[in-house]
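# Per-entry structural report
Letter by letter, the chains look like this.
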Amino acid sequence: MDWQRIAALSVVAVTAGLFIWSNMRRRKFSFQRHTHCGCAAPSSGGGGSILFTARKGERSRIIMKAN
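Everything numeric here is computed off the predicted structure, so don't read it as measured data.

The secondary structure content of the chain amounts to 2 helices and 2 strands. Reading the chain from its N terminus to its C terminus gives the helix and strand order α-α-β-β. The buried share of the chain, reckoned over its 67 residues, is 0%. About 6900 Å² of surface is accessible on the chain, with carbon and sulfur atoms providing 60% of the total.

Structural data, given as structure tokens:
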């Protein structure tokens, strides 16, 4: 094999090794990733919602609903 083929195969091998290593390693705990909303504490306010609507040719609207 010539040196270019060896260099290309080594780059591919290192890249594949990095992908495998990143999938196998243990990840740090992230509150946002491991909970449903990522909030620091349960919400004390009511369960409101925000609705964004936009249609082609019309002005976008933001509707806030308080439950």
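The side chains of a regular strand alternate between both faces of the sheet. Judged by how many residues are buried, strand E2 (residues 61–65) sits mostly at the surface: 0 of 5 residues are covered. Bridge count between strand E1 (residues 49–53) and E2: 5 bridges; the pairing is antiparallel. Bridge pairing in E2 links Ser49 to Lys65.

Our focus in this paragraph is the confidence of the model for the chain. Across the chain, pLDDT averages 80, with 73% of residues at or above 70. Averaged over each element, pLDDT in the chain is lowest for helix H2 (residues 31–34) (66) and highest for helix H1 (residues 3–24) (93).

Attention now goes to H1. End to end, H1 covers 31 Å across 22 residues, agreeing with the expected 32 Å (1.5 Å per residue, within 8%). Within H1, only 0 of the 22 residues are buried, leaving the element largely exposed.

Looking now at a nonpolar patch on the surface. Taken together, the side chains of Ile50, Phe52, Ile62 and Met64 define a hydrophobic patch exposed on the protein surface, amounting to about 510 Å² of accessible area. For the nonpolar patch, the secondary structure elements donating two or more residues are E1 and E2. For Met64, a relative accessible area of 66% translates into the label exposed.

About the thresholds
- Residues numbered from 1 in each chain as written.
- Predicted model: local features only at pLDDT ≥ 70, side-chain atom pairs only at ≥ 80, totals over all residues.
- Heavy atoms only, no water.
- Helix = DSSP H or I, 4+ residues; strand = E, 2+ residues; numbered from the N terminus.
- Buried < 20%, exposed > 50% of the residue type's maximum accessible area, 1.4 Å probe, protein only.
- Areas by Shrake-Rupley, 256 points an atom, 1.4 Å probe, with all protein chains shown as cover.
- Pairing = 2+ DSSP bridges.
- pLDDT = per-residue confidence, 0-100.
- Expected span 1.5 Å × (residues − 1).
- Patch = residues over 30% accessible without salt bridge, like charges linked within 9 Å, V, L, I, M, F, W, Y side chains within 5 Å.
- Salt bridge = Lys/Arg side-chain N within 4 Å of Asp/Glu carboxyl O.

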